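# Reading the structure
For reference, the chains in residue letters:
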Amino acid sequence: MSVKAVLFDKDGTLFHFGATWESWASAVLVRLTEGDSARAREIGAAIGFDTDAKQFSQDSIVIAGTPEEVVNVLVTFIDMPPEALERILNEEAANAPQAQAVDLKECLGGLKARGIGLGVATNDAEMPARAHLSGAGVTDLFDFIAGYDSGFGGKPAPGQCLAFAKQMGVAPEDVVMVGDSLHDLHAGRAAGMRTVGVLTGLATEAELSQHADIVLPDIGHLPNWLDQQAAV
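Residues numbered from 1 in each chain as written. Predicted model: local features only at pLDDT ≥ 70, side-chain atom pairs only at ≥ 80, totals over all residues. Heavy atoms only, no water.

The next point concerns the packing of aromatic side chains. One pass over the structure, following the stated rule, counts five aromatic pairs. Ring plane angle 35 degrees and centroid distance 5.7 Å describe the contact between Phe144 and Phe152, whose orientation is recorded as tilted. What makes Phe144 buried here is its relative accessible area of 4%. Since its relative accessible area comes to 36%, Phe152 is described here as partly exposed. Pairing Phe144 with Phe164 gives two aromatic rings, centres 5.5 Å apart and planes at 55 degrees, and the pair type is tilted. Separated by 20 residues along the polypeptide, Phe144 in strand β5 (residues 144-146) and Phe164 in helix α8 (residues 159-168) bring together distant segments of the chain. Phe164 matches Phe144 in its accessibility class, with the two residues each being buried. (Phe/Tyr/Trp six-rings, centres within 6.5 Å; stacked < 30°, edge-to-face > 60°. Buried < 20%, exposed > 50% of the residue type's maximum accessible area, 1.4 Å probe, protein only. Helix = DSSP H or I, 4+ residues; strand = E, 2+ residues; numbered from the N terminus.)

Here it is as structure tokens:
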């Protein structure tokens, strides 16, 4: 069964999660608390981030949540309008360092050369998502880029997935959703797509395997799996 299009999550899938978002969380907390380490520690704990270890907990809202959901937690600590808080989160996200999960130009370019449509569906906002893809030099390889604020909703709802399939003019069953979290896989399944889990985020193979057609170490292994699907 051939695949006509592939929809990728961004953080933890195209880019390693920790390298980006641990730096982001540290920068946000320093900015919001004006360097008050005790307050930063308290607020960090509320969003599932250990400021001393500089690590996220497995259930952190940052892992699969939207900036809006993170803001809903932060407003209980920071006396600032939600819109201003979200603007800070997005500004820091756009400037966060990116560590590519694989050589994205090579991997994505190879898929594009096969005639496969490519998209990104992220619970990040569209602005920093585009900044990250531009920084990696791969924006032009994508036919579709959607954040939680692009008008299709966020994951685990299937809106972004269905919008991608519609834009590409393909049936959802001809699309693969690739992601590192259960939100990604649930969204793909809800849309009627095949799903592939990757281990470049924080979720384990055991957590992902029940909701994915296959779990791969990273997206660099995707071409071989697609070859296998074409032969079925």
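This part covers the layout of surface pockets. In this structure, the largest pocket encloses a volume near 230 Å³. Forming the walls of the largest pocket are 14 residues, and the residues nearest its centre are Gln58, Ile63, Ala64, Ser181 and Leu182. Where the lining of the largest pocket is concerned, the elements lending two or more residues are α3 (61-64) and α9 (182-190). (1 Å grid on protein atoms, 1.4 Å probe; cavity = no way out; pocket = protein on both sides within 12 Å on 5 of 7 lines; lining within 4 Å. Points joined across faces, edges and corners; volume = space filled by probe spheres on them.)

Two numbers describe how helix α5 (residues 82-95) lies on helix α7 (residues 126-135): the axes approach to 8 Å, and their chain directions differ by 10 degrees. One element, α5, and the other, α7, form an angle in the roughly parallel class. Contacts from Asn90, Glu91, Ala93 and Ala94 in α5 reach Met127, Pro128, Ala131 and His132 in α7. Among the residues forming the contact of α5 with α7, the class breakdown is five nonpolar, two polar and one charged. (Axes fitted to C-alpha atoms, helices over the stretch in contact; angles between N-to-C directions. Parallel < 35°, antiparallel > 145°, perpendicular 65-115°, else oblique. Contact = heavy atoms within 4.5 Å. Nonpolar A, V, L, I, M, F, W, Y, C, P; charged D, E, K, R; others polar.)

A few words on the nonpolar core. Among the nonpolar cores identified, the biggest contains 28 residues, and Phe8, Leu14, Leu108, Phe142 and Leu222 are the most heavily contacted of them. Of all the elements in the fold, those that place two or more residues in this core are β1 (5-8), α6 (104-113), β4 (117-121), β6 (175-179), β7 (194-198) and α11 (222-231). For this core, the element with the highest residue contribution is α6, accounting for four residues. Dropping the residues within four chain positions of it, Phe142 is found in contact with Phe8, Leu14, Leu108, Leu118, Gly119, Val120 and Leu133. Membership of the second largest hydrophobic core comes to 22 residues, among which are Leu29, Ile47, Val70 and Ala93. (Core = buried A, V, L, I, M, F, W, Y, C linked by side-chain atoms within 4.5 Å.)

Enumeration over the complete set of coordinates arrives at one cavity of 30 Å³ or more. Lining of the largest cavity is provided by 23 residues; of these, Asp11, Val62, Gly65, Asn123 and Asp124 occupy positions nearest its centre. Secondary structure elements with two or more residues in the lining of the largest cavity: α1 (17-33), α3, α4 (67-74), α5 and α9.

Before going further, it helps to examine the sheet that holds strand β8 (residues 214-216). Ordered in space as β5-β4-β1-β6-β7-β8, the six strands form an open sheet in which the pairing is parallel. Of all strands in the sheet, those bounded by a partner on one side alone are β5 and β8. Mean inter-strand twist for the sheet, computed between neighbouring axes without regard to direction, equals 20 degrees. Looking at chain direction, β1 and β6 are connected through four bridges and run parallel. Within β6, the residue paired with Val6 across the bridge is Val176. (Pairing = 2+ DSSP bridges.)

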